[in-house]
Amino acid sequence: MATRLLICPPGHYDVRYAINPWMTQHVGDAAPDAVRQWERLVELIGCVGDVELVQVEPQSQTPDIVFTANAALVVGNLAIVSSFRHAERRREQPVYRAALARAGFATTFLRQTYFEGAGDALFDRVRPLLYAGYGWRTERGATLQLQEIVGCRVLPLLLVDERFYHLDTALCPLSSGHVLAYMDAFSPHAQTMLRRAIEPGYLIEVSVDDALRFACNAVEVGDAVVMHDCTRRLRERLHDIGYRVFRTELTEFLKAGGSAKCLTLRLDDGPAVGMAAATA
Ligand code: ARG
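This write-up is about the structure you can find in this document. (Residues numbered from 1 in each chain as written. Predicted model: local features only at pLDDT ≥ 70, side-chain atom pairs only at ≥ 80, totals over all residues. Heavy atoms only, no water.)

On to unusual backbone geometry, then. One non-glycine residue, Q112, lies in the positive phi region at around 50°. Given a relative accessible area of 86%, Q112 falls into the exposed group. With phi around 60°, F214 is a residue other than glycine that occupies positive phi space. Note that F214 resides in the loop between α7 (208-212) and β12 (219-221). (Buried < 20%, exposed > 50% of the residue type's maximum accessible area, 1.4 Å probe, protein only. Helix = DSSP H or I, 4+ residues; strand = E, 2+ residues; numbered from the N terminus.)

This part takes up the pattern of salt bridges. Side chains bearing opposite charge may pair, as long as their charged atoms lie close to each other. Within the structure shown, the criterion is met by 19 salt bridges. Here R137 ties to E116 by a salt bridge, and the two come within 2.9 Å at their closest N and O atoms. One end of the pair, R137, is in the loop between β7 (129-134) and α5 (140-149); the other, E116, is in the loop between β5 (106-109) and β6 (121-123), with 21 residues separating them in the sequence. The pair formed by R137 and E116 is uniform in burial state, with each residue classed as buried. With a closest N to O distance of 3.2 Å, R247 and D229 form a salt bridge. Placement of the pair is R247 in strand β14 (residues 244-247) and D229 in the loop between β13 (224-227) and α8 (232-240), with a sequence separation of 18 residues. Of the residues examined, R247 reaches a relative accessible area of 42% and is grouped as partly exposed. (Salt bridge = Lys/Arg side-chain N within 4 Å of Asp/Glu carboxyl O.)

Residues A190, Q191, M193, L194 and A197 constitute the buried set of helix α6 (residues 188-197). Across the axial projection of α6, the buried residues extend over an arc of 160°, all falling on one side. Summarising the geometry of α6, the exposed residues directed more than 90 degrees from the buried face are P188, H189 and R196. Of the surrounding elements, those touching the buried residues of α6 are β7, β8 (153-158) and β9 (171-173). (Arc of directions from axis to C-beta. Contact = heavy atoms within 4.5 Å.)

What follows concerns the side chain of K255. When you line up the elements, K255 lands in the loop between α9 (251-254) and β15 (265-266). A polar side-chain atom of K255 sits 2.6 Å from a polar atom in the side chain of E252. Among residues more than four places away in sequence, those in contact with K255 are V15, W22, M23, H26, A30 and A31. (Polar contact = N/O pair within 3.5 Å; in protein donor to acceptor, adjacent residues only side chain to side chain.)

Among the 17 residues in the neighbourhood of the ligand, the closest are listed as N20, R89, R137, D168 and A256. D64 is positioned such that a nitrogen or oxygen atom in its side chain is 2.9 Å from a nitrogen atom of the ligand. Within the side chain of R89, a nitrogen or oxygen atom sits 2.7 Å from an oxygen atom of the ligand. Burial of the ligand by the protein chains amounts to 100% of its free accessible area of 340 Å². (Near = heavy atom within 4 Å. Areas by Shrake-Rupley, 256 points an atom, 1.4 Å probe, with all protein chains shown as cover.)

Okay, the pairing of β7 next. Counting buried positions along β7 yields 6 of 6 residues, so the element is predominantly enclosed. A two-sided burial pattern is seen for β7, the buried positions comprising L129, Y131 and G133 on one face and L130, A132 and Y134 on the other. In this structure, β6 lies alongside β7, joined through 3 bridges in antiparallel fashion. Directly across from L122, in β7, lies its bridge partner Y131. Taken together, β6 and the strand that follows it, β7, pair antiparallel across an intervening segment of 5 residues. Between the parallel elements β7 and β8, the chain passes through α5 in a crossover that is right-handed. (Pairing = 2+ DSSP bridges. Right-handed = clockwise from strand over helix to strand, strands pointing away.)

Quick look at the structure:
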């Protein structure tokens, strides 16, 4: 079955404001290579597996709308649309909502809380579990509301390193049951919860070197993972567990604190039903 992804071309993308530490040093920078890098990413994703792409039209007042991971969290045919913490991104909400409604989803918002969609909420692919990051963007209250909606256990994980302000910059659950994680991005309690939830052989702890290359911000399509960059060590580990690894330069998007996974939103999403990895 094809992986359905929501994407948005970088028609109006640049770094106009700073709402995370990556952006601070780049405010006012143009991103001349953004279109080329984005087109190569999309082409690569289309080549490595069976994907169906749904596009959002870029808008002039919303440079970060390219980061569609933050549009919503999709649970079956429901899209829980983001409520952005920063005013700079709130104009994206109605655009994302309309695009998701057009794609056939029922849409809703959480009540009186900040929530940044699949940037901060990731379903485990084999365990019936939703990892929910909070602290910098999404609020803890959002993770509690998610518990009422998603139909599986929600693991609220406090993020403590501002460079990894969204969960998808520090955690990547894979369909093999393995989970990439940069542990220092999480509070000690969150680290304990991750170690309890994921069997030791399945938790792949990445180095700060890999985390800073956005290796956790990878898109999985079939047996391929697509990312900006990673160390040879991580590449070999991923090969060992059966993945093909593809790297594609996304430096223009790193300026805004985003990378491959942030530029996509998985539309066929929801809680896993089995425990395949644990019993394999
Ligand atoms: N500049 C954007 C922001 O700070 C980048 C978002 C990256 N998205 C993600 N899912 N990590 O909101």
